[in-house]
Amino acid sequence: AIKFTINNKKYESTTAKTILEACRENDIYVPTLCYHPMLEPVGKCRLCLVETNYGGKMVPACVTDLSNGIEITTNSPRVVNSVKSNLGLILATHNQECTSCEANGRCELQDLVYRYGVEDKFPKIFEKSHNMVDSSSPSLIRDMDKCVLCNRCVQACSLLQGMDILSMTGRGVHAIPKTAFDSPIKETECINCGACSFYCPVGAIAEHSAVRRTLDVLENKNGKIVVFQTAPATRVAISEEFGMEPGDISTGKMVAAIRELGADMVFDTNFTADLTIMEEGSELLDRVANGGTLPMFTSCCPGWINMVEKLYPEFIPNLSSCRSPQGMLSSIIKNHWAEKMGVKPEDVIVVSVMPCTAKKDEARREELKTDSGIPETDIVLTTRELGRLIKLKKVPFLSLKDSKYNNPLGESTGAAVIFGNTGGVMEAALRTAYEIALKKPMPTLNYTPVRGFEGIKEATIPFGEIDLKVAVVHQASNIRNYLKKLKNGEVEHHFVEFMICKGGCIGGGGEPKSLKSDYLERRMKGIYDIDERKTTRKSHENQAVQQIYEQFFEKPLSHKSHKLLHTHYKD
Ligand code: HC0
Ligand code: SF4
């Protein structure tokens, strides 16, 4: 075992680890700014410097390994002074517009400055002024005068997502994460997944906020009906905005909070997740039976759709023509529900709450407008933005009594909620397709081969005459690897689920930021717990879905379904 001391107390470790990991495991506070447990430590911000008994030099705890006999001090005046001066230097190059900043109240820099009582006394380094606010993307905003050079966005974009849109350029005070040729984000190959914004410790890259627009819509309705919808992955993460733990289930409180904000109706994107299974499952069976393009690819992740359109247009025919559940629900609300309620589509405002920054981009697509040319989804808020809105309006989230979704567009099964996890769309599709095609239920509803965090998961299901070969791929970098294999003929599947974010939507770029190392596992468990507790766990058993087919769509892939629930892509 490695023996060491921290602040004169003795510890032992049987495994190799860094000083920072050892401190965190033992609840000893060490400040960090560039460190995130899901990324590679880089030792850039120098806030985690600690003293050791080896020479007089202080070492960065995040990149220094424990060694036998090391004596570590994290709380000496020398360490504290070094943290303070490093924070002061960061402030000298930082645009401190905290009051209007998207990160205000959840900013790692703000917290540190407050905790250490840092005075802003260094002269401002004005050459640092990049004067660059890039709001070209509907999903993200970058303000490089707030950048603290932690490198987390660059790592998220390159290492995690394999997209390489941002890279660190320039040296010293002139260093900055930039796009190629410094182009506005919209003109790059960015797919709007928002991983950069999730990992940004400050407000240098943030979601393109719709909080103020939503406030305006709710406070000045002018006779309009405001309808919300909430995505599967929001309900196991919104809790974190209010100090609860990752994976804590807050469906009822979230619905209640949205009502308190002034929404007239709260519907569930899960309803159309179930509907997606009916349409997409039928499309798959049709392609298999009639020689359609295979493998068929899922189409619900807008980051993934952006990737295909921008980087792999040759695979457009493989994409399912199904709109995403967000797209389907907004379409039903404006084109069918409004009429049933006797209101005009332009008098209904649809606000959707998503774990995803790319959904903001999806909502603007030309193909997803009504016949009269208005967007079917008016506003997309990320889970983080919903948290901010609830706080702004002083809604007492934690003490709210659970509320239920409005029906019928709020009814859903366990198959719908698992869409939020990687493998969920596949598992939900199999539960239904198997039963419809083979007229008997799958031997087990919990289909584990498609669960978990492995980057590319494969399974073969005996499916009557054929063996159905499926794959599930999540995280953009794994997707690029998979597509390379597919092009080289190294893999062969009938149906593949793609989600751009690690873990699926629970790891979405718009979910509450977390510095915990297990937040994804815990959100994932929260989602599976909701599924287990549902009495109905197969999409085709959703009675509201059955009803909307009887009363309106007639059957999957009908003429009406094609018009309202399916779409096409741009190449
Ligand atoms: Fe997802 Fe979805 S599961 S993409 O990951 O299909 O954002 O949560 O809402 O639309 O349902 C995101 C999450 C959704 C959609 C659903 C799908
Ligand atoms: Fe958005 Fe989910 Fe796709 Fe991530 S995986 S880009 S959160 S839809």
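Residues numbered from 1 in each chain as written. Chains lettered and ligands numbered in written order. Predicted model: local features only at pLDDT ≥ 70, side-chain atom pairs only at ≥ 80, totals over all residues. Heavy atoms only, no water.

Observations regarding the packing of helix α8 (residues 269-290) against helix α17 (residues 543-553)
And step 1. Relative to each other, α8 and α17 sit at 65°, their axes nearing to 10 Å. Here α8 is positioned roughly perpendicular relative to α17, judged by the angle of their axes. For α8 against α17, the interelement crossing comes out right-handed. Together, F271, D274, L275, M278 and E279 of α8 and A544, V545, I548, Y549 and F553 of α17 make up the contact between the two elements. (Axes fitted to C-alpha atoms, helices over the stretch in contact; angles between N-to-C directions. Helix = DSSP H or I, 4+ residues; strand = E, 2+ residues; numbered from the N terminus. Parallel < 35°, antiparallel > 145°, perpendicular 65-115°, else oblique. Left-handed = near helix turned anticlockwise from the far one by under 90°. Contact = heavy atoms within 4.5 Å.)

A few points about the environment of S197
And step 1. Position of S197 relative to the elements: it lies in helix α5 (residues 195-199).
And step 2. Through-space distance from the C-alpha of S197 to that of V217 is 25 Å; in sequence the pair is 20 residues apart.
And step 3. Leaving out residues up to four positions away in the same chain, S197 has contacts with L140, I205, A206, E207, T357, R384, G509 and K513.

A few points about the pairing of strand β17 (residues 466-474)
And step 1. Where strand β16 (residues 456-463) meets β17, eight bridges bridge the pair, whose relative direction is antiparallel. Considered in β17, the bridge of K457 is made with V472.
And step 2. The turn joining β16 and β17, which pair antiparallel and follow one another in sequence, is formed by two residues; a positive phi near 65° is taken by G464.
And step 3. Of the strand pairs in this sheet, β17 and strand β18 (residues 495-499) are connected by five bridges, and their pairing is parallel. (Pairing = 2+ DSSP bridges.)

Remarks on a positive patch on the surface
And step 1. A cluster of basic residues, K186, R213, K310 and R364, forms a positive patch at the surface.
And step 2. Mapped onto the secondary structure, K186 falls in the loop between β9 (176-178) and α5. (Patch = residues over 30% accessible without salt bridge, like charges linked within 9 Å, V, L, I, M, F, W, Y side chains within 5 Å. Areas by Shrake-Rupley, 256 points an atom, 1.4 Å probe, with all protein chains shown as cover. Salt bridge = Lys/Arg side-chain N within 4 Å of Asp/Glu carboxyl O. Lys, Arg positive; Asp, Glu negative; His and termini not counted. Charge placed at Lys NZ, Arg CZ, Asp CG, Glu CD.)

Regarding the nonpolar core
And step 1. Formed by 106 residues in total, the largest nonpolar core has its most connected members in L109, W304, M307, L483 and I500.
And step 2. When neighbours within four sequence positions are excluded, I500 is seen to be in contact with Q161, I191, C193, C301, G303, W304, M307, Q475, A476 and I479.
And step 3. Of all hydrophobic cores here, the second largest spans 29 residues; its members include I258, V351, L389 and V395. (Core = buried A, V, L, I, M, F, W, Y, C linked by side-chain atoms within 4.5 Å. Buried < 20%, exposed > 50% of the residue type's maximum accessible area, 1.4 Å probe, protein only.)

Structural notes on the sheet that holds strand β3 (residues 49-52)
And step 1. Within the open sheet, the five strands sit side by side as β2-β1-β5-β3-β4. Their pairing is mixed. Among the strands making up the open sheet, the edge pair consists of β2 (9-13) and β4 (59-60).
And step 2. Pairing of β3 with strand β5 (residues 70-73), which is carried by two bridges, proceeds in the antiparallel orientation. Looking at β5, one finds that T52 is bridged to I72.
And step 3. Those strands touched by helix α2 (residues 77-92) are β3 and β5, and its axis lies near 160° from that of β3.

Overview of the packing of aromatic side chains
And step 1. If you walk through the whole model with that rule in mind, you get 14 aromatic pairs.
And step 2. Both rings, one in Y312 and one in F315, keep their centres 6.5 Å apart while their planes meet at 40°; by these two values the pair is tilted. Residues Y312 and F315 agree in their burial class; the two are buried.
And step 3. Through a chain of ring-to-ring contacts, three or more aromatic side chains come together here, namely F297, W304, Y312, F315, Y482 and F498.
And step 4. The ring of Y29 is capped by R115, whose NZ or CZ atom sits 3.4 Å from the centre of that ring.
And step 5. Across from the ring centre of F552, 4.6 Å away, lies the NZ or CZ of K560, which sits over that ring. (Phe/Tyr/Trp six-rings, centres within 6.5 Å; stacked < 30°, edge-to-face > 60°. Lys NZ or Arg CZ within 6 Å of the ring centre and 35° of its normal.)

A look at the site of ligand 2
And step 1. C301, P302, C356, M499, I500, C501, C505 and G508 make up every residue found near ligand 2.
And step 2. Partitioning the shell around ligand 2 into residue classes produces seven nonpolar, one polar and no charged. (Near = heavy atom within 4 Å. Nonpolar A, V, L, I, M, F, W, Y, C, P; charged D, E, K, R; others polar.)

Let's talk about the site of ligand 1
And step 1. Around ligand 1, a shell composed of 16 residues is seen, among which A233, C300, Q326, K359 and C505 lie nearest.
And step 2. Within the contact set of ligand 1, an oxygen atom lies 3.4 Å away from a backbone nitrogen or oxygen of P325.
And step 3. One of the side-chain nitrogen or oxygen atoms of K359 is found 2.7 Å away from an oxygen atom of ligand 1.
And step 4. When contributions to the shell around ligand 1 are tallied by element, the ones reaching two or more residues are α8 and α10 (325-341).
And step 5. Among the residues forming the shell around ligand 1, the class breakdown is twelve nonpolar, three polar and one charged. (Polar contact = N/O pair within 3.5 Å; in protein donor to acceptor, adjacent residues only side chain to side chain.)

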